Amino acid sequence: MLSEAEFIEGVREHENIIWKVISVYLDNPDEHEDLRQEILLNAWKGIRTFRGESKFSTWLYRVALNTAITFYKKDKKHQGVHKSMPDNFVEPVDEPADHENRLAMNEAIDRLSTIDKAVVMLYLDDYSYPEIADMLGITVNNLAVKMNRIKWRLKQKIV
Amino acid sequence: MELEDLRKHINAKARESYAVASAISSSAVFDAGSRSVSLLDKMLNSIRWELAFAAAFALGCLLVAISANSLPVVVFLVLLSAYSFAFSLYLYRLHHRTTSHVLSTGSIRASVSGTIELIENFTRLYLRLSTSFVPAIFVAAFIAGLLDFIEKGYHLTEIPYFSLILYSIIAIIWILLMRKFTNWWLNRIYGRYLLELKRRLKEIDNNE
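Values in this document were obtained by computation on a predicted structure and should not be read as measured data. As a convention, each chain's residues are numbered from 1 in the sequence order in which they are written. To read the labels, note that chains go from A and ligands from 1, taken in the order they are written. Residue-level local features of this predicted model are given only where pLDDT is at least 70; pairs of side-chain atoms are given and counted only at 80 or more, and the full residue set underlies all totals for whole chains, interfaces and linings.

Let's talk about the overall build of chain A
Then, in step 1: Numbered from the N terminus, helices here are DSSP runs of H or I no shorter than four residues, and strands are runs of E no shorter than two. Looking only at helices and strands, chain A has eight helices and zero strands in total.
Then, in step 2: Traced from its N-terminal end to its C-terminal end, chain A shows the element sequence α-α-α-α-α-α-α-α.
Then, in step 3: Three exposure classes are used, all based on how many other C-beta atoms lie within 10 Å of a residue's own C-beta (placed from the backbone): buried at 20 or more, exposed at 12 or fewer, and partly exposed between those limits. Per-residue burial for chain A yields a buried fraction of 43% across its 159 residues.
Then, in step 4: By sequence separation, contacts in chain A at least 24 residues apart represent 63% of the contacts at least 6 residues apart. For every residue pair, C-beta atoms are placed from the backbone, and the pair is scored as a contact if these atoms sit within 7 Å.

Focus on the overall build of chain B
Then, in step 1: Scanning chain B for helices and strands turns up five helices and zero strands.
Then, in step 2: Along the chain direction, N to C, the helices and strands of chain B fall in the order α-α-α-α-α.
Then, in step 3: Burial statistics for chain B: of 208 residues in total, 23% are counted as buried.
Then, in step 4: Excluding contacts between residues fewer than 6 apart, the proportion of contacts in chain B whose partners are at least 24 apart in sequence is 80%.

Some points on the nonpolar core
Then, in step 1: We define a nonpolar core as a collection of buried residues of the types Ala, Val, Leu, Ile, Met, Phe, Trp, Tyr and Cys that are connected via C-beta atoms lying within 7 Å of each other. Among the nonpolar cores identified, the biggest contains 69 residues, and Val21(A), Ala64(A), Leu65(A), Ala68(A), Val119(A) and Leu136(A) are the most heavily contacted of them.
Then, in step 2: Contact partners of Val119(A), with chain neighbours within four places excluded, come to Ile132(A), Leu136(A), Lys146(A), Met147(A) and Ile150(A).

Concerning the environment of Asp30(A)
Then, in step 1: If you trace the backbone, Asp30(A) turns up in the loop between α2 (15–25) and α3 (32–45).
Then, in step 2: Along the chain, Asp30(A) and Gly52(A) lie 22 residues apart, while their C-alpha atoms are 34 Å from each other.

Considerations on helix α8 (residues 140–158) of chain A
All names here are of chain A.
Then, in step 1: Helix span, as expected, comes to 1.5 Å for every residue beyond the first. Between its first and last C-alpha, α8 extends 27 Å over 19 residues, near the 27 Å set by a 1.5 Å rise per residue.
Then, in step 2: Every buried residue belonging to α8 is among Leu143, Lys146, Ile150 and Leu154, and all of these are buried. Burial along α8 is one-sided: seen end-on, the buried residues are contained in an arc of 70°. Among the exposed residues of α8, those pointing more than 90 degrees away from its buried face are Asn141, Asn148, Trp152 and Gln156. Here the arc refers to the directions that run from the helix axis out to each C-beta atom.

As for the packing of helix α6 (residues 114–124) of chain A against α8(A)
All names here are of chain A.
Then, in step 1: Axis definition: a line fitted to C-alpha atoms, over the contacting stretch in the case of helices. Angles run 0 to 180 degrees between N-to-C directions. Viewed as axis vectors pointing N to C, α6 and α8 meet at an angle of 95°, and their least axial separation amounts to 11 Å. Taken together, the axes of α6 and α8 are roughly perpendicular relative to one another. Every residue of α8 that contacts α6 at Asp116, Val119, Val120 and Tyr123 is listed here: Lys146, Met147 and Ile150.
Then, in step 2: Per-class residue counts for the contact of α6 with α8 are five nonpolar, no polar and two charged. For classification purposes, angles smaller than 35 degrees are called roughly parallel, those larger than 145 roughly antiparallel, those between 65 and 115 roughly perpendicular, and all remaining angles oblique. Just so you know the grouping, Ala, Val, Leu, Ile, Met, Phe, Trp, Tyr, Cys and Pro go in nonpolar, Asp, Glu, Lys and Arg go in charged, and all remaining residues, Gly too, go in polar.

What to know about α3(A)
Then, in step 1: In this model, α3(A) (14 residues) spans 20 Å end to end at C-alpha, consistent with the 20 Å of a helix rising 1.5 Å per residue.
Then, in step 2: Asp34(A), Leu35(A), Arg36(A), Glu38(A), Ile39(A), Leu40(A), Leu41(A), Asn42(A) and Ala43(A) are the residues of α3(A) that are buried.

Here's the deal with the confidence of the model for chain B
All names here are of chain B.
Then, in step 1: The score called pLDDT rates the predictor's confidence residue by residue, from a low of 0 to a high of 100. When pLDDT is averaged along chain B, the result is 79, and 82% of the positions lie at 70 or above.
Then, in step 2: Across residues 17–28, where pLDDT falls below 50, the model places 13 contacts with residues more than four positions away in sequence or in other chains.
Then, in step 3: Complex prediction metrics read pTM 0.73 and ipTM 0.79.

Points about the confidence of the model for chain A
Residue and element names in this part refer to chain A.
Then, in step 1: Across chain A, the average pLDDT comes to 80, with 83% of residues at 70 or higher.
Then, in step 2: Ranking the helices and strands of chain A by mean pLDDT puts helix α7 (residues 129–136) first, with 92, and helix α5 (residues 96–110) last, with 76.
Then, in step 3: Low pLDDT, under 50, characterises residues 76–84; the predicted model gives this stretch 24 contacts beyond four residues in sequence or across chains.

Quick word on unusual backbone geometry
Then, in step 1: One non-glycine residue, Asp126(A), lies in positive phi territory at about 75°.
Then, in step 2: In this structure, Asp126(A) sits in the loop between α6 and α7.

Below you can see the structure in the form of structure tokens.
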């Protein structure tokens, strides 16, 4: 199990993961901090489940996605919904045409369902099919079908 | 552009941007003493309060029963105390299960289905227990009344049946109203959240 100092260090190093998940799932920037705190609290509470079998970043990704997907605040309008992929997915800009294409892709991803967005996010972060399937809790075959369907949908939306 | 191109682009360049984003975010990893705002944690808090209340109520009833002189009052209080004690045991179990789930870091599917199961169990049993509290009071009061009746030297054949029927009607109406209100209340708090989670679970399983 990680010590408090190691945990803090790990979170600092991989805070981009938390930030990315928040950007994908929360629309209102005022609520970003709430979800961030929630993810960190869950990560801290669940630190004993981290045994170093996977990378810390993968474990943190799992906690962040689990928290974001089941996150719900009663006293405010429901979030857990639909925000575009982080803007920095389309940055930095190379050429205007490329930038346009990436913006179109970004908007298409934004229109995907909650779970499909998680799949895309993990895929874009270079996780392998077995790793994504494991995080989602489905079989690799099931994921492959899902992935083909997502790619097809994105293509349709962009075209 | 296809997803594959975007992935290559991100792998090549976006990590610099993530570094910027990380630098922007708060320097403190998390605020000490910060509190959870999720519905699941609010549920956990609610269970804690109910557990404390049920345990205090059970203990209070028992203490008053010890010092009471009248047998019907003692029976009434002991029955209520036993009921509240059973309720608090159940709440303790539920609290333990909820805490274990909140700490879970399994797959997304397990997390979503676990949350659904937890809330459904919580609402179902909360509904059963809270609505059974009213009949428990009525039954305890009836037994106490009956004992009082016998204690005063009356015979069972002298029971005023009209009062008994009226008492039963009031009890049934109260129980039904209580059940309806609790059901509405639970649905208001957890209904939409449950629907949303079920939709997500379907999304995970669905491949069409």
